[in-house]
Amino acid sequence: MAVAQENARAEGRSFSPFWTIARRDSLAGFLFIAPQLVGIIAFVLIPLGLVFWYSLHEWNVLANTFTYTGGQNYRMLIEDESLLEVLGATAIFSAGLVILNMSLALLLAVLLNQKLAGIAIFRTLFFSPVVVSLVAWTIVWGFLLQKNGGINGMLLMLGIEGPNWLREETTAMISVIVVQVFKNVGLNMILFLAALQGVPKELYEAARIDGAPAFKQFRRITLPLISPTILLTSIITIVGSLQVFAQIAVLTQGGPGLSTTVLVYYLYQQAFQFHFFGYGSTLSILLFAIVAILTFAQWQMRKRIVFYES
Amino acid sequence: MADVTLSDIRKSYGALKTIHGVNLDIRDGEFVVLVGPSGCGKSTLLRMIAGLETITDGTLKIGDRRVNDLDPKDRDIAMVFQSYALYPHMTVATNMGFSLEHRGANKAEINERVNWAAGILGLTNLLDRYPRQLSGGQRQRVAMGRAIVRNPQVFLFDEPLSNLDAKLRVVMRGEIKALHRRLKTTTIYVTHDQVEAMTMADRIVVLNGGRVEQIGAPLDLYDRPANQFVAGFIGSPSMNFLTGTITEQGFQTSDVVLPLPASKGTVMGQAIVYGIRPEHFRLNDHPGRASVSAEIVLIEPMGSETQVTMRLGDTQVIGVFRERISGTTGDIINISLDIDAIHLFSGDGAIRLN
Amino acid sequence: MKAELSPRTRTALYGLMCVLLIPFVFPTWWMVTSSIKPISDIFAFPPQLIPQSYDWTTYSKVFELQPFVRQYWNSAYIAALVTVGTMVVSSMAGYAFARIRFPYANTIFMIVLLGLLIPSEVTIVPLFQMFLKAGMVNTHWPLILVPIFGAPSVFATFVMRQFFVTLPAELEEAARVDGLGRFKIFAKIALPLAKPALASVAIFTFLHSWNLFLEPIVFLSSAEMFTLPQALTQYTDAYGGPMWNIQLAAATLTALPVLIVFVIAQKQFVEGLAHTGLKG
Ligand SMILES: Nc1ncnc2c1ncn2[C@@H]1O[C@H](COP(=O)(O)OP(=O)(O)OP(=O)(O)O)[C@@H](O)[C@H]1O
Ligand SMILES: [Mg+2]
């Protein structure tokens, strides 16, 4: 194209080249997004189509048969009694995780937002689990939560006999939630802290002059102003909670019973341990639907709950 | 250096037309100022000349070359932006030499040009600094330095002084003018400040709503505005306008009659707009001169002059007087009008009648 | 809210934060100290907060029982490749979505954002089948290609786009007048200014790859190919129970280097993450 221009210039000719500025920009745009777009097509869209296709089939790996069965896998989904338990466990896990994570993150962010000497050290320490290898973190918690492990040892010193945390239904669920919260709450804490620091100081000063007490300032000024961050982090946290796999696999393997078998873990078992690829795909579709509905619902809430947007 | 010729230049964003056919011949070495109210299309026009905005229709020539479809880099222009657009991650020297670097100049050449430009603009001591370490005026100079190092055919400025405080603006105005006298590069300068336009331009182009209202030397525009818009836009405080009709006695607005200059374009009974600049009122201390009485609304003494808001008939007008005036709201003063400085426009303000 | 705190409030706040810190800091401490205790001491009562005696042979067992060096290398090079690759892919795509006008840009952006809605867990079954057909099971390709080009990089693209949107348009226009083409504007102007956003993308991506667990256990089957998270869980006794001291030693080796880098560069870490444009 440069050549064509040079020619035109040399001849003083007036012409419209094919490669106008707009066309060249379009080409550049497509080239820039090409790797990402091709990747999304190859690794997201096609697999998504395939997963739906598989979900309509009975796939026997050992006999190497792949037969169309229509909605049979979906009927199975409805009749699968284990799935009900799995969804229950998933709901408890996600709800517990999000509530605990968000409130702890907010509390920590408010604490770290105080003017105290050495606050940066606290910030670093609260954040540190985020960078600890996930499985390493899970292993050490598994170790601490053993019947004769560190936590029960310390409880015993206080005269309390602790439960076998990972082998009883209620405590197993609490354990996996707590382990995950402490691992990742630092991320949300930092995002909240950044949001808190973005609230203009004049607003607090104005509120003080108006005589609003501290808790009221928090409720009427801080919360509304950081609500966009709260919403966004809650979406990320919920979607993230539905993807938790390593912790379950290492700590409880979904047990005892199905009490900590969340959907992703169940999907993994069905597809890769029992080789029910058809049914596993159906579960994938279910997971996708749940993620999509939750995201959409929270996006809709944006209009009502978020009082303020920058 | 080169001429710049715009023939019937148009711009639309989809269905929205913003520039409606602009014709303009800019001579080699000329300093042309585009002026007009906000949103009139000054920046759009300048950016089309720069190649940052596509030209929807018409022909743009720089020198003899049609450049409509050329990239900015092939048009041999340089531009100074309102925000200066200095590269924050490069030193002053790198900022200034950046374009040469990309035109395949060697190091020695770049150094020489950068030092030359820095010398002219008084930036020699600042070459190793980063933009964030400079004051507003210094940044402005760097932006100009970046434009001049390349010795382009045309300089384009888009409101380059609007981020400076009032004092600095006056200083930089002078520097840009001096630079132009020295380099004699064709310059197109956009501003919405008519004082900048008046003081800097060889010729002013007044734009309004995507159309050219008038082109001319600053004082021509001031003395003989082609229509009511230009008359009102050029000059501060702006020209006073009264609406009324032509009668036997003169110009009649409500119950006041004002003197009419000789004019071929008017007929008896015609509805016209009558314009007079604030400095063309006189306090009537010469008995015998045609005079009218006006009611004082507000007196604003400025020291060197006095600005008086008064009611003439049922129109409020502003007068600027050399004298100091005492009086309060409601007082009546006698004033006379400088009859040679009266502007008559058609009733819709579109054409000048005298 | 920001008034000076009284000494008593101050003490109370410090006390509260120290108590809250326990579950964040103690596990790491416990991991490191337990890994150097002799096996007989690791479940001792009362718990030994500070080791009474040391047994370093645990660490040599880490390397004897599995090709741990190899596994360490696997994790490290995969994470490095994925990090660099994601930075390239997402900064380019993010730049184009923010800055270049091209047909269907918005539609394509929406399609790409779908990647945020579709966690890789949803597509793991077909991805496994696809890589099986391509003969890439039990290779590292799935762990490299999918994160760089697929759903995991979408978040990075989003972060980069949010950053580039805030870049003043006049800077790029100045560069165009200065004679730069699209690619050079990207490389010489936009990218150098995007360092904070790139840093946060790098941190996120590295941690994501370093922690990947489901994908390795689905795709990899031989110890030589394993990555660290997967390898850690393989130190088990004849009954499948974990060999705690060895697992803890291997976990310490996995966690400590990243932790040290974090402590050194913690300002960039924390501030980088706060700058991801997630603020709204
Ligand atoms: N990208 C665009 N899409 C649609 N309309 C636009 C676009 N850019 C500018 N316009 C419109 O074109 C007209 C001219 O804009 P322009 O920026 O040239 O004004 P201006 O004279 O420079 O004003 P100002 O003094 O405020 O800078 C305006 O009405 C503006 O709304
Ligand atoms: Mg403008």
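Residues numbered from 1 in each chain as written. Chains lettered and ligands numbered in written order. Predicted model: local features only at pLDDT ≥ 70, side-chain atom pairs only at ≥ 80, totals over all residues. Heavy atoms only, no water.

What counts is decided by this rule: UniProt positions are given in the numbering used here, feature names are shortened, and annotations may be inferred rather than shown by experiment.
By the naming in an unreviewed UniProt entry, chain C goes by Multiple sugar transport system permease protein and is assigned to Neorhizobium huautlense. In its Sequence similarities (unreviewed entry) section, the UniProt entry covering chain C states "Belongs to the binding-protein-dependent transport system permease family." The UniProt entry for chain C carries the following text under Subcellular location (unreviewed entry): "Cell membrane".

An unreviewed UniProt entry lists chain B under the name Multiple sugar transport system ATP-binding protein, with Neorhizobium huautlense given as the organism. Turning to chain B, the UniProt record has this under Subcellular location (unreviewed entry): "Cell inner membrane".

## Looking at the overall build of chain C
Selection criterion: Think of it this way: any DSSP run of H or I at least four residues long counts as a helix, any run of E at least two long counts as a strand, and we number them from the N terminus. Restricting the calculation to C-alpha atoms gives the radius of gyration, and the globule rule supplies 2.2 Å times the number of residues raised to the power 0.38.
The helix and strand inventory of chain C stands at 14 helices and 0 strands. Along chain C, helices and strands appear, N-terminal first, in the series α-α-α-α-α-α-α-α-α-α-α-α-α-α. What you see for chain C is a C-alpha radius of gyration of 23 Å, clearly larger than the 19 Å of a compact globule of 280 residues, by over 25%. C-alpha extents for chain C along the principal axes are approximately 70 × 65 × 30 Å.

## Some thoughts on empty space enclosed by the protein
Where empty space is left in the structure can be found by rolling a water-sized probe over the atoms. Residue and element names in this part refer to chain C. We apply this condition: A 1.4 Å probe that fits but cannot get out identifies a cavity on a 1 Å grid over protein atoms alone, an open set with protein on both sides within 12 Å along at least five of seven lines counts as a pocket, and a residue lines either if it has an atom within 4 Å of a point. Grid points are joined across faces, edges and corners, and a volume is the space filled by probe spheres set on the points.
As enumerated under the stated definition, the model contains 6 cavities of 30 Å³ or more in all. Estimated volume of the second largest cavity: approximately 80 Å³. Together, Ser120, Ile124, Leu127, Pro142, Val146, Pro147, Pro152, His208, Leu212, Glu215 and Phe219 line the second largest cavity. Of all the secondary-structure elements, those providing two or more residues to the lining of the second largest cavity are helix H5 (124-133), helix H6 (141-149) and helix H11 (214-219). Here the lining of the second largest cavity gets 3 residues from one element, more than from any other, and that element is H6.

## Examining the interface of chain C and chain A
Here is the rule we go by: We call two residues in contact whenever any of their non-hydrogen atoms come within 4.5 Å of each other. The quantity reported as buried area is the accessible area (1.4 Å probe) lost by two parts once they are put together, taken as the sum for both. Salt bridge criterion: a side-chain nitrogen from Lys or Arg within 4 Å of a carboxyl oxygen from Asp or Glu. Throughout this description, a polar contact denotes any pair of N or O atoms lying within 3.5 Å of each other; where both atoms belong to protein, one of them has to be capable of donating a hydrogen while the other can accept it, and for residues adjacent in sequence the pair is counted only when both atoms sit in side chains. Lys, Arg, Asp and Glu make up the charged group, whereas Ala, Val, Leu, Ile, Met, Phe, Trp, Tyr, Cys and Pro make up the nonpolar group; the residues left over, Gly among them, are polar.
Residue-level contacts link 96 residues of chain C with 99 residues of chain A. For the pair chain C and chain A, the two sides together bury roughly 9000 Å², of which 80% comes from carbon and sulfur. On the surface where chain C and chain A come into contact, there are 1 salt bridge. Here Arg182 of chain C and Asp25 of chain A are joined by a salt bridge, their closest N and O atoms 2.9 Å apart. Our count for the contact surface shared by chain C and chain A stands at 8 residue pairs in polar contact (both at pLDDT 80 or more). Top element by residues in the side of chain C that touches chain A is helix H1 (residues 7-35) of chain C. It accounts for 17 residues. In the side of chain C that touches chain A, the residues fall into 75 nonpolar, 13 polar and 8 charged.

## Remarks on the domain arrangement of chain B
Residue and element names in this part refer to chain B. Which entries qualify depends on this criterion: Delimitation of the domains relies on an automatic or database domain assignment.
By the assigned domains, chain B splits into domain 1 (4-233) and domain 2 (240-346). The centre of domain 1, based on its C-alpha atoms, is set 39 Å off from the matching centre of domain 2. Taken together, the contact between domain 1 and domain 2 spans 9 residues of the former and 6 residues of the latter. The contact between domain 1 and domain 2 buries some 630 Å² in all, and 57% of this surface belongs to carbon and sulfur atoms. Three residues, Tyr222, Gln228 and Ala231, lead the burial of domain 1 against domain 2; their summed loss comes to 73% of the area buried on that side. Seen at the junction of domain 1 and domain 2, the total is 0 salt bridges. Connecting domain 1 to domain 2 are 2 residue pairs in polar contact (both at pLDDT 80 or more). Listing elements by their share of the side of domain 1 that touches domain 2, those giving two or more residues are helix H7 (218-223) and helix H8 (228-233). Classifying every residue of the side of domain 1 that touches domain 2 gives 5 nonpolar, 3 polar and 1 charged.

## Brief notes about the UniProt feature "transmembrane region" (unreviewed entry) in chain C
Residue and element names in this part refer to chain C. Under the UniProt annotation, the feature "transmembrane region" (unreviewed entry) is placed at residues 12-32, 76-97, 109-132, 144-164, 185-207 and 244-265. Note that residues 144-164 is 95% helix and 0% strand, and that its end C-alpha atoms are spaced 26 Å apart. Segment residues 185-207 splits into 96% helix and 0% strand. End C-alpha atoms: 30 Å apart.

## Remarks on the pairing of strand E18 (residues 315-321) of chain B
Residue and element names in this part refer to chain B. In plain terms, the rule: The buried label goes to any residue with under 20% of its type's maximum accessible area, the exposed label to any with over 50%, and the partly exposed label to all in between, with areas taken from a 1.4 Å probe on protein chains only. Pairing between strands requires that DSSP locate at least two bridges from one strand to the other.
Most of E18 is tucked away: 5 of the 7 residues are buried. In this structure, strand E17 (residues 306-312) lies alongside E18, joined through 7 bridges in antiparallel fashion. Note that in E18 the partner of Gln307 across the bridge is Val320. Counting the residues in the hairpin turn of E17 and E18 gives 2 residues, including Gly313, whose phi is positive at 65°.

## Quick look at helix H7 (residues 151-165) of chain C
Under the convention used in this document: The span one expects for a helix is its residue count, reduced by one, times 1.5 Å.
Its 15 residues give H7 of chain C an end-to-end C-alpha distance of 22 Å, which sits within 8% of 21 Å, the value for a rise of 1.5 Å per residue. All buried positions along H7 of chain C are accounted for by Ala151, Ser153, Val154, Ala156, Thr157, Phe158, Val159, Met160, Phe163 and Phe164 of chain C.

## Re the sheet that holds strand E13 (residues 256-258) of chain B
The strands making up a sheet are joined through hydrogen bonds of the backbone, oriented either antiparallel or parallel. Residues and elements named next belong to chain B. Basically, it comes down to this: Under this scheme, a helix contributes an axis fitted over its contacting stretch, all axes are lines through C-alpha atoms, and angles between N-to-C directions fall in the 0 to 180 degree range.
Pairing is antiparallel across the open sheet formed by 5 strands, whose spatial order is E13-E12-E11-E14-E20. Across the chains shown, the open sheet's two edge strands, defined by having one partner strand only, are E13 and strand E20 (342-346). When strand polarity is set aside, the average angle formed by the axes of neighbouring strands in this sheet is 40°. Direction of pairing for strand E11 (residues 240-246) relative to strand E14 (residues 271-276): antiparallel, over a ladder of 6 bridges. The partner of Phe241 across the bridge, within E14, is Gly275.

## Examining the site of ligand 1
All names here are of chain B. Let me state the cut-off plainly: Only heavy atoms are used to decide nearness, and a residue is near a molecule or strand if one of them lies within 4 Å of it. Reported accessibility uses the Shrake-Rupley method at a 1.4 Å probe radius. Residues are deemed covered only where the shown protein chains occlude them.
Every residue close to ligand 1 is listed here: Tyr13, Leu16, Thr18, Ser38, Gly39, Cys40, Gly41, Lys42, Ser43, Thr44 and Glu159. Separating an oxygen atom of ligand 1 from a side-chain N or O atom of Ser43 is a distance of 2.6 Å. In this structure, Thr44 approaches ligand 1 through a side-chain N or O atom, which is 2.5 Å from an oxygen atom. Protein coverage of the free-state accessible area of ligand 1, which is 630 Å², stands at 59%. Those elements giving two or more residues to the shell around ligand 1 turn out to be strand E2 (16-26) and helix H1 (42-50). At 3 residues, the largest contribution of residues to the shell around ligand 1 is made by H1. Residues that form the shell around ligand 1 fall into these classes: 3 nonpolar, 6 polar and 2 charged.

## Some points on the nonpolar core
Heads up, the rule is: In plain words, nonpolar cores are sets of buried Ala, Val, Leu, Ile, Met, Phe, Trp, Tyr and Cys residues tied together by side-chain atoms within 4.5 Å.
Phe126 of chain A together with Phe164 of chain C are the most contacted members of the largest nonpolar core, which totals 217 residues. Of the residues forming this core, the biggest block, 14 residues, is contributed by helix H4 (residues 81-112) of chain A. Setting aside chain neighbours within four positions, we find Phe164 of chain C in contact with Ser91, Gly94, Tyr95, Ala98, Arg99, Phe186, Ala190, Leu191 and Ala194 of chain C.

## Quick notes on the UniProt feature "domain: ABC transporter" (unreviewed entry) in chain B
Here, UniProt's "domain: ABC transporter" (unreviewed entry) annotation points to residues 4-234 of chain B. Between the first and last C-alpha atoms of residues 4-234 of chain B the distance is 25 Å; the span itself is 36% helix and 26% strand.

## Topic: the pattern of salt bridges
According to the stated counting rule, one finds 16 salt bridges over all chains in the structure shown. The partner of Glu30 of chain B in a salt bridge is Arg27 of chain B, with the nearest N and O atoms 3.2 Å apart. A residue is classified by how much of its surface remains accessible, and Glu30 of chain B, at 5% relative accessible area, is buried. Linked through salt bridges whose partners overlap, the residues forming this network are Asp25 of chain A together with Arg99, Glu172 and Arg182 of chain C.

## A look at the UniProt feature "domain: ABC transmembrane type-1" (unreviewed entry) in chain C
UniProt's entry tags residues 72-265 of chain C with the feature "domain: ABC transmembrane type-1" (unreviewed entry), counted in the numbering of this structure. Overall, residues 72-265 of chain C shows 75% helix and 0% strand. The separation of its end C-alpha atoms is 22 Å.

## Comments concerning the sheet that holds strand E16 (residues 292-301) of chain B
Residues and elements named next belong to chain B. Taking strand neighbours across the sheet as the criterion, the 5 strands line up as E15-E19-E16-E17-E18 in an open arrangement whose pairing is antiparallel. The open sheet has two edge strands, strand E15 (281-283) and E18, and neither has a second partner. Strand-to-strand twist of the sheet, defined as the mean angle between neighbouring strand axes without regard to direction, takes the value 50°. Bridge analysis of E15 against strand E19 (residues 332-337) gives 3 bridges, and the strand direction is antiparallel. Paired with Arg282 across the bridge in E19 is Ser336.

## Points about the environment of Thr91 of chain B
Residue and element names in this part refer to chain B. For Thr91, the position within the fold is in the loop between strand E6 (77-80) and helix H2 (92-101). Overall, the relative accessible area of 15% leaves Thr91 in the buried class. Between the C-alpha atoms of Thr91 and Gln133, which are 42 residues apart in sequence, the distance is 9.8 Å. Leave out the neighbours within four places in its chain, and Thr91 touches Leu127, Asp128, Arg129 and Tyr130. Within polar-contact distance, the side chain of Thr91 engages the side chain of Thr94 at 2.6 Å.

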